[in-house]
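What the coordinates show
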Amino acid sequence: MASRELSSTRLSVASWVIYDMGSTLFFPGVVGLVFPLWVTDVMGGDDATVGYTLTASMLVVFFLSPVLGTLSDRLKRRMPFLLTLTIVGVISTLSIGTFQYPLSIALFCVAVSSVYLSGIFYNGLLADIATKNNVGFVGGIGVGVGYFGGILAVILGFFFLELKGHIFLFRTMAIFMLLLSVPLIVTGKYKLDDSFKLPVKKILMHTFLVTFRAVSHTVDNKSWLWFLIARFWYLWAISAASFFAVLYGVNTVNLTEREVQLVLLVGIITGIPMGALWGRVVDRVGPLLILRANVAMWVFLLALAAAIPILDLAKELWWVVGLMSGSALAGLYVSERPYVLSIAPKNRVGEYFGIFNMAGRLAAIAGPFSWGFISVTLGLGQSAAIVCLAVCALFAFFTLTLVKGSGEEI
């Protein structure tokens, strides 16, 4: 992308980092904690209700990700998309529970889709504020500081879930998401390129053609293709595990809701220093090695989580899962974005992140669906569902061994 929408000043870096706190608050707070408990404890739903709702959200994201990413490259702007999606996500989250149950489910889908799609443009802005030598560190700071948003979400849940209820938390978290977005929204630039004067039909046609080319050309670079396949499998496992960790801890490991929230808090706190630490290591040894190491860690964690109820192990081992998951998730996020930036031409960053995001969203379709289908529709229970996730992560690790170092183009 030719134009810069953020200056590489400390203020811009700080604004970019603070924004990550809002999205990090949303996922463990709204998606991982409040929504599943609201559906199962208050509205009479089950794992399938949660899983299939998330699947519907991810279907929307899957189809829109490459289109919006390529369109942003054509218009040479990310900030207008980021602003619009952020506002839609906040308003939708704020409205969950205000209307009847079906409409609230639909609003949750809109909120999840909007926050996920905003990540395309947020990730792309990293190229504006970082250099090749410090992209891992800056990204790591974003991940690490962003975890404070997750801490805030757990603290809000710990103090207000029983006292004020789920609807109060939806609204409170939406307000915090908006407040944390303000610095980046204010410091960004929004002036559109002259290409915006082209007919909308022509822009959209160009977008679909470029998107098709990007998808079709993926097979030309085997390393990039294997990376996308691996990302699909490990995010299948990780996204489903993140979405259902609270329900699994309460229903299968037999922890209390308070205990599960405390374990979640420990994992998030661990991710704060590990984000910066992994970022430094990425700058020194490259992103691919760190990515492999953290996927291997996820294989171990998911296997341990499955073994606790199946082998009747001490439920205190869930603390190990929570502690290590914070580090493993931070390492994953810190290593992914630098890898994509290292192989993406500067004028096609949005396109690459669109395909990158599409692979992840396809995984986020399969993950929640597989959990609901295995645990409820097939009636095999949550233990069988998490065993499936461990197998997916293992397959991803072996696929990553086929990925070569960065530097190749599609």
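Remember, predicted model here, so these are calculated numbers, not experimental data.

**A closer look at the overall build of the protein chain**
- When helices and strands are tallied, the protein chain shows 14 helices and zero strands.
- The helix and strand sequence of the protein chain, counted from the amino end, reads α-α-α-α-α-α-α-α-α-α-α-α-α-α.
- By the burial criterion, 59% of the 410 residues in the protein chain qualify as buried.
- Across the protein chain, contacts joining residues at least 24 apart in sequence account for 84% of those joining residues at least 6 apart.
- By element, 71% of the accessible surface of the protein chain is carried by carbon and sulfur atoms, the whole surface being about 16300 Å².

**Points about the packing of helix H2 (residues 47-75) against helix H4 (residues 101-124)**
- With their axes 8 Å apart at the nearest point, H2 and H4 run at an angle of 35 degrees to one another. Here the hand of the crossing between H2 and H4 comes out right-handed.
- Partitioning the contact of H2 with H4 into residue classes produces 16 nonpolar, seven polar and no charged.

**Section: the packing of aromatic side chains**
- Applying the stated criterion across every chain yields a total of 25 aromatic pairs.
- With 6.1 Å between their ring centres and 45 degrees between their planes, Phe-35 and Trp-38 make a pair best called tilted. Residue Phe-35 and its partner Trp-38 are located together in helix H1 (residues 10-42), separated by three residues, close to a single helical turn.
- Look at Trp-38 and you get buried, because its relative accessible area is 5%.
- When the ring of Trp-38 is compared with that of Phe-170, the centres are 5.7 Å apart and the planes differ by 90 degrees; the resulting orientation is edge-to-face. With Trp-38 in helix H1 and Phe-170 in helix H7 (residues 166-187), the pair connects residues that are 132 residues apart, well separated along the chain.
- The exposure class assigned to Phe-170 is buried, which follows from its relative accessible area of 0%.
- Above the face of the Phe-168 ring, Lys-164 is positioned so that its terminal group lies 5.9 Å from the ring centre.

**Section: the nonpolar core**
- Formed by 129 residues in total, the largest nonpolar core has its most connected members in Trp-224, Phe-227, Tyr-234, Leu-302, Trp-318 and Leu-389.
- Counting residues per element, this core draws most heavily on helix H9 (residues 222-251), which supplies 17 residues.
- Contact partners of Trp-318, with chain neighbours within four places excluded, come to Ala-245, Tyr-248, Gly-249, Val-253, Leu-255, Val-263, Ala-305 and Ile-308.

**Section: the environment of Lys-346**
- Checked against the element boundaries, Lys-346 lands in the loop between helix H12 (318-343) and helix H13 (349-377).
- For Lys-346, a relative accessible area of 72% corresponds to the exposed category.
- For the pair Lys-346 and Asp-73, spaced 273 residues apart in sequence, the C-alpha to C-alpha distance is 9.9 Å.

**Brief notes about the environment of Ile-229**
- Relative to the elements of secondary structure, Ile-229 occurs in helix H9.
- Classification of Ile-229 by relative accessible area gives partly exposed; the value is 29%.

**Examining the side chain of Ser-113**
- Looking at where Ser-113 falls in the secondary structure, it is placed in helix H4.
- The class for Ser-113 is buried, based on a relative accessible area of 5%.
- A polar side-chain atom of Ser-113 sits 2.8 Å from the main-chain carbonyl oxygen of Cys-109.
- Once you skip the residues sitting within four places of it in the chain, Ser-113 turns out to touch Ser-57, Val-60 and Val-61.

**Quick notes on the pattern of salt bridges**
- Evaluated as defined, the whole model comprises two salt bridges.
- Notably, a salt bridge pairs Arg-231 with Glu-336, separated by 2.7 Å at the nearest N-O pair. Note that Arg-231 is positioned in helix H9 and Glu-336 in helix H12, a separation of 105 residues in sequence.

**Let's talk about empty space enclosed by the protein**
- Counted by the stated rule, this structure contains three cavities of 30 Å³ or more.
- Empty space within the second largest cavity amounts to approximately 90 Å³.
- Taken together, Tyr-19, Gly-22, Ser-23, Leu-85, Thr-86, Gly-89, Val-90, Val-115, Ser-118, Met-177 and Ser-181 form the lining of the second largest cavity.
- When residues of the lining of the second largest cavity are traced back to their parent elements, those giving at least two are H1, helix H3 (79-95), H4 and H7.
- Looking at which element gives the most residues to the lining of the second largest cavity, the answer is H3, with four residues.
- Looking at the lining of the second largest cavity, its residues break down into five nonpolar, six polar and no charged.

**A closer look at the environment of Ala-56**
- Position of Ala-56 relative to the elements: it lies in helix H2.
- The exposure class assigned to Ala-56 is partly exposed, which follows from its relative accessible area of 34%.

**What to know about the confidence of the model for the protein chain**
- Averaged over every residue, the pLDDT of the protein chain is 84; the share at 70 or more is 88%.
- Mean pLDDT across the secondary structure elements of the protein chain bottoms out at helix H8 (residues 200-217), with 69, and peaks at helix H14 (residues 381-400), with 95.

**So, the side chain of Asp-20**
- Structurally, Asp-20 can be placed in helix H1.
- Contacts of Asp-20, omitting those with residues within four sequence positions, involve Tyr-122, Gly-142, Val-143 and Gly-146.

**A short note on the packing of H9 against H14**
- Across the interface, H9 lies against H14 with an axial gap of 8 Å and an inter-helix angle of 155 degrees. Accordingly, the angle class assigned to the pair H9 and H14 is roughly antiparallel. The crossing of H9 and H14 is left-handed. Contact residues: Trp-226, Ile-229, Ala-230, Trp-233, Tyr-234, Trp-236, Ala-237, Ala-240, Ala-241, Leu-247, Tyr-248 and Asn-251 in H9; Gln-382, Ser-383, Ile-386, Leu-389, Cys-392, Ala-393, Phe-395, Ala-396, Thr-399 and Leu-400 in H14.
- Considered class by class, the residues forming the contact of H9 with H14 number 18 nonpolar, four polar and no charged.

About the cut-offs
Residues numbered from 1 in each chain as written. Predicted model: local features only at pLDDT ≥ 70, side-chain atom pairs only at ≥ 80, totals over all residues. Heavy atoms only, no water. Helix = DSSP H or I, 4+ residues; strand = E, 2+ residues; numbered from the N terminus. Buried < 20%, exposed > 50% of the residue type's maximum accessible area, 1.4 Å probe, protein only. Contact = heavy atoms within 4.5 Å. Areas by Shrake-Rupley, 256 points an atom, 1.4 Å probe, with all protein chains shown as cover. Axes fitted to C-alpha atoms, helices over the stretch in contact; angles between N-to-C directions. Left-handed = near helix turned anticlockwise from the far one by under 90°. Nonpolar A, V, L, I, M, F, W, Y, C, P; charged D, E, K, R; others polar. Phe/Tyr/Trp six-rings, centres within 6.5 Å; stacked < 30°, edge-to-face > 60°. Lys NZ or Arg CZ within 6 Å of the ring centre and 35° of its normal. Core = buried A, V, L, I, M, F, W, Y, C linked by side-chain atoms within 4.5 Å. Polar contact = N/O pair within 3.5 Å; in protein donor to acceptor, adjacent residues only side chain to side chain. Salt bridge = Lys/Arg side-chain N within 4 Å of Asp/Glu carboxyl O. 1 Å grid on protein atoms, 1.4 Å probe; cavity = no way out; pocket = protein on both sides within 12 Å on 5 of 7 lines; lining within 4 Å. Points joined across faces, edges and corners; volume = space filled by probe spheres on them. pLDDT = per-residue confidence, 0-100. Parallel < 35°, antiparallel > 145°, perpendicular 65-115°, else oblique.

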